[in-house]
Amino acid sequence: MAATTESVKTDAAEAPLLNVRNMLLGASLYIVFYGWVRWYEGVYGWSAGLDSFAPEFETYWMNFLYIEFVLEASTAGILWGYIWKTRDRKVMSITPREELRRHFTHWVWLVMYAIAIYYGASYFTEQDGTWHQTIVRDTDFTPSHIIEFYLSYPIYIITGFSAFLYAKTRLPAYQQGMSLQYMVSVIGPFMILPNVGLNEWGHTFWFMEELFVAPLHYGFVFFGWAALGVMGVVNIEVASISKLLKKDLA
Amino acid sequence: MSASQSAVRSRAEAVKVSRTFDWLICFTLFFVVLGGYHIHYMLTGGDWDFWTDWKDRRLWVTVAPIVSITFPAAVQAMLWWRYRLPFGAVLCILGLLLGEWVNRYLNFWGWTYFPVNFVFPSNLMPGAILLDVILMLSGSMTATAVLGGLAYGLVFYPGNWAIVGPLHVPVEYNGMMMTLADLQGYHYVRTGTPEYIRMVEKGTLRTFGKDVAPVSAFFSGFVCILIYFLWHFFGRWFNSTEFVKSA
């Protein structure tokens with residue numbers, strides 16, 4: 001990530017515009033971590049995740065849940081705090097090249113958000129369907145929920161808000177107010193997490209194992225639509241980058 | 001920023017930067033749309049898509065196109081109406097199918113051991129190609145909604161027929177007549193099975209009459225037209241570059 005406490009970079013030429021290494025490392029982090037998570041599910045889902053009253057459930061699943069709560073809260077605090085603390089206070093006076101570099105860094109964040117959204121909204125959510133079609137639940141904190149709701153969703157929330165915060169604190173294009181669609185694309189998917197409250201309440205109230213198209217789940221659907229806000233973000237980015245490159249491409 | 005300064009040092013670098021952004025945008029758009037589309041589709045039409053014993057000739061044919069034409073219409077509102085790129089619908093369906101296939105193989109089969117020929121996803125690609133081609137040739141949102149939406153609903157069942165046909169062959173089992181897909185369902189009992197049977201057994205759905213699927217496809221096409229209009233305008237709203245100013 002570019003250091004941004006100083007507003008004007010006089011010798012920014014040395015650093016690459018796009019830090020490919022950072023992008024690949026970031027992507028690898030998500031993929032390797034979720035590969036390990038999937039392995040953990042495969043091993044301990046069946047051996048320790050069927051009965052929430054069993055001691056091994058506490059050992060392998062509830063402790064997993066407590067640890068992820070702590071790690072997520074601390075990661076969010078440190079990451080968001082760092083991005084805010086190192087914000088550029090003279091963002092409107094940066095050079096065009098520095099602005100371009102920051103757009104690339106912003107896109108590294110957006111690529112991470114895309115990976116995180118894929119795992120959260122696609123991979124682990126549909127996985128939850130097959131787990132609950134196979135195992136009758138006796139707790140809200142089932143092995144698939146501990147991964148889906150309380151791990152993969154917070155991770156894309158942390159990533160998405162980091163991207164938003166980076167844009168807001170470092171890019172001139174986002175200084176004219178709060179981008180409506182950026183907020184939609186970050187806050188909408190975030191709202192899926194509070195909607196878990198409705199989901200769990202409903203699953204506690206009605207025995208409904210596990211009709212995926214049940215109206216109880218429509219809250220997830222509504223907030224999932226908000227991912228389309230990324231189109232507005234792309235449009236803002238295309239306009240900004242075009243402005244930066246226009247005369248050079250003409 | 002100074003207007004006299006350039007962000008790049010040569011035209012070649014400008015071209016390279018532009019192409020690099022293209023790739024970053026494509027990757028991000030593809031996977032974010034995949035995530036939003038997949039959670040929408042799995043929770044509005046998912047059960048019909050998960051299991052072959054749900055892939056019937058009335059509700060599957062009706063529901064799957066109606067709930068799946070949404071994101072293609074919205075993404076077309078961006079890619080065609082802003083950038084003249086004629087692949088919004090195909091992009092969405094490719095994303096959805098990738099998300100579904102990865103899941104069906106690694107999780108439905110890999111974690112809970114349902115065979116893949118019981119849990120394969122529906123094929124939505126023929127309708128997506130028609131939507132994109134009609135939009136590209138006509139350049140008209142109305143024509144795409146009316147002709148494309150109708151075609152999207154009508155082509156869904158024929159587009160899946162070669163895949164599900166063998167599973168709709170009637171068989172006799174313990175003195176009862178059912179389809180091979182039903183037999184799969186009986187062998188792979190799921191936690192929601194009683195509710196499933198109530199959903200699937202409605203009306204004349206399980207008879208071997210020949211008119212159920214075409215009528216369902218036609219009805220589905222009709223609703224697809226309306227949904228396309230609606231989601232085109234949703235898509236336009238999601239495309240806005242508006243900023244909210246603090247009071």
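Everything numeric here is computed off the predicted structure, so don't read it as measured data.

Enquirer: Which parts of the structure should I look at to understand the overall build of chain A?
Expert: Scanning chain A for helices and strands turns up seven helices and one strand. Listing every helix and strand of chain A by position from the N terminus yields α-α-α-α-β-α-α-α. Here the C-alpha coordinates of chain A stretch approximately 65 × 35 × 30 Å along the principal axes. Across the 250 residues in chain A, those meeting the buried criterion constitute 46%. Partitioning the intrachain contacts of chain A with sequence separation of at least 6 by distance along the chain shows that 85% fall at a separation of at least 24.

Enquirer: Where do I start with the overall build of chain B in this structure?
Expert: The secondary structure content of chain B amounts to eleven helices and three strands. Beginning at the N terminus, the succession of helices and strands in chain B can be written as α-α-α-α-α-α-α-α-β-β-α-α-α-β. For the C-alpha atoms alone, the extent of chain B along its principal axes is close to 85 × 40 × 40 Å. Looking at the 247 residues of chain B, the share that counts as buried comes to 49%. Within chain B, counting contacts between residues at least 6 apart in sequence, those at least 24 apart form 69% of the total.

Enquirer: I tried to follow the interface of chain B and chain A on my own but got confused; where do I start?
Expert: The accessible area lost on association of the parts is a frequent measure of interface size. With 57 residues of chain B at the interface, the matching set in chain A holds 64 residues. Counting residues per element, the ones that place at least two in the side of chain B that touches chain A are α1 (11–44), α2 (46–50), α4 (70–83), α5 (88–109) and β3 (243–244) of chain B. The greatest single-element share of the side of chain B that touches chain A, amounting to 24 residues, is contributed by α1 of chain B. Residue composition of the side of chain B that touches chain A, grouped by class: 28 nonpolar, 22 polar and seven charged. The pairing of strand β1 (residues 178–179) of chain A with β3 of chain B spans two bridges and is classified as antiparallel. Looking across to β3 of chain B, one finds that methionine 178 of chain A is bridged to valine 244 of chain B.

Enquirer: Sorry, what's going on with the packing of helix α7 (residues 125–138) of chain B against helix α8 (residues 141–164) of chain B here?
Expert: All names here are of chain B. Close contact between α7 and α8 brings their axes to 8 Å; oriented N to C, the two are set at 155°. Between α7 and α8, the crossing angle belongs to the class labelled roughly antiparallel. Note on packing geometry: the crossing formed by α7 with α8 is right-handed. Where α7 abuts α8, its residues Pro126, Gly127, Leu130, Leu131, Ile134, Leu135 and Ser138 lie against Ala143, Thr144, Leu147, Gly148, Ala151, Tyr152, Val155, Phe156 and Gly159. A per-class count over the contact of α7 with α8 returns eleven nonpolar, five polar and no charged.

Enquirer: Help me understand the packing of helix α3 (residues 96–134) of chain A against helix α4 (residues 143–170) of chain A in this model?
Expert: For any two helices packed against each other, the geometry is given by the interaxial angle and the distance between the axes. Residues and elements named next belong to chain A. Direction vectors running N to C along α3 and α4 enclose 165°, while the axes themselves pass 9 Å from each other. Classified by the interaxial angle, the pair formed by α3 and α4 is roughly antiparallel. In terms of crossing hand, the pair formed by α3 and α4 is left-handed. When the residues that make up the contact of α3 with α4 are grouped by side-chain class, the tally is 17 nonpolar, eleven polar and four charged.

Enquirer: Just checking my understanding: could you explain the confidence of the model for chain A for this structure?
Expert: Parts of the prediction with low pLDDT should not have their coordinates interpreted in detail. Taken residue by residue, chain A gives an average pLDDT of 89. The fraction at 70 or more is 92%. Counting interchain partners and residues more than four positions distant, the pLDDT-below-50 stretch residues 1–13 of chain A has 23 contacts.

Enquirer: Is there a simple way to explain the confidence of the model for chain B in this structure?
Expert: Across chain B, the average pLDDT comes to 90, with 91% of residues at 70 or higher. In the model output, the complex is listed with pTM 0.92 alongside ipTM 0.91.

Enquirer: What should I look at first to understand unusual backbone geometry in this one?
Expert: Note on backbone geometry: most residues besides glycine have negative phi, and most peptide bonds are trans. Residues and elements named next belong to chain B. We note that tyrosine 113 has phi near 65°; this positive angle belongs to a residue other than glycine. Positionally, tyrosine 113 belongs in the loop between α5 and α6 (116–119). Despite not being glycine, asparagine 174 shows a phi value in the positive range, around 50°.

Enquirer: What is the right way to read the pairing of strand β2 (residues 176–179) of chain B from this model?
Expert: In summary, the side chains of a regular strand alternate between the two faces of the sheet. All names here are of chain B. Two elements, strand β1 (residues 170–173) and β2, share four bridges in a ladder whose sense is antiparallel. Paired with glutamate 172 across the strands is methionine 177, a residue of β2. Hairpin connection of β1 to β2: two residues between the antiparallel strands, including asparagine 174 at a positive phi of 50°.

Enquirer: Explanation requested: the nonpolar core in the structure shown.
Expert: What tends to happen in soluble globular proteins is that the nonpolar side chains get buried as a cluster. If you look at the biggest cluster of nonpolar residues, it comprises 129 residues, and the most contacted ones within it are Tyr113, Ala114 and Ile117 of chain A together with Val33 and Cys92 of chain B. The biggest single contributor to this core is α3 of chain A, with 18 residues.

Enquirer: Which parts of the structure should I look at to understand the environment of leucine 50 of chain A?
Expert: Here leucine 50 of chain A shows up in the loop between α1 (20–48) and α2 (55–85). In this structure, the C-alpha to C-alpha distance between leucine 50 of chain A and threonine 204 of chain A, residues 154 residues apart in sequence, is 17 Å.

Enquirer: Looking at this model, I keep getting lost on α4 of chain A. Mind explaining?
Expert: The α-helix winds at 3.6 residues per turn, so residues separated by three or four positions along the chain end up facing the same way. The end-to-end C-alpha separation of α4 of chain A is 39 Å, in line with the 40 Å expected for 28 residues at 1.5 Å each. The buried count for α4 of chain A comes to 23 of 28 residues, which makes it a mostly enclosed element.

Enquirer: How should I be thinking about the environment of tryptophan 206 of chain A in this particular structure?
Expert: Inspection of the secondary structure assignment puts tryptophan 206 of chain A in the loop between α5 (180–205) and α6 (218–225). Assessed through the 10 C-beta atoms surrounding it within 10 Å, tryptophan 206 of chain A is described here as exposed.

Enquirer: Please clarify how the environment of glycine 224 of chain A should be interpreted in this entry.
Expert: In this fold, glycine 224 of chain A is placed in helix α6. Along the chain, glycine 224 of chain A and methionine 62 of chain A lie 162 residues apart, while their C-alpha atoms are 27 Å from each other. Ignoring sequence-local partners within four residues, the contact set of glycine 224 of chain A consists of Ala121 and Ile192 of chain A together with Gly36, Ile39 and His40 of chain B.

The rules behind each value
Residues numbered from 1 in each chain as written. Chains lettered and ligands numbered in written order. Predicted model: local features only at pLDDT ≥ 70, side-chain atom pairs only at ≥ 80, totals over all residues. Helix = DSSP H or I, 4+ residues; strand = E, 2+ residues; numbered from the N terminus. Buried ≥ 20, exposed ≤ 12 C-beta atoms within 10 Å, placed from the backbone. Contact = placed C-beta atoms within 7 Å. Nonpolar A, V, L, I, M, F, W, Y, C, P; charged D, E, K, R; others polar. Pairing = 2+ DSSP bridges. Axes fitted to C-alpha atoms, helices over the stretch in contact; angles between N-to-C directions. Parallel < 35°, antiparallel > 145°, perpendicular 65-115°, else oblique. Left-handed = near helix turned anticlockwise from the far one by under 90°. pLDDT = per-residue confidence, 0-100. Core = buried A, V, L, I, M, F, W, Y, C linked by C-beta atoms within 7 Å. Expected span 1.5 Å × (residues − 1).

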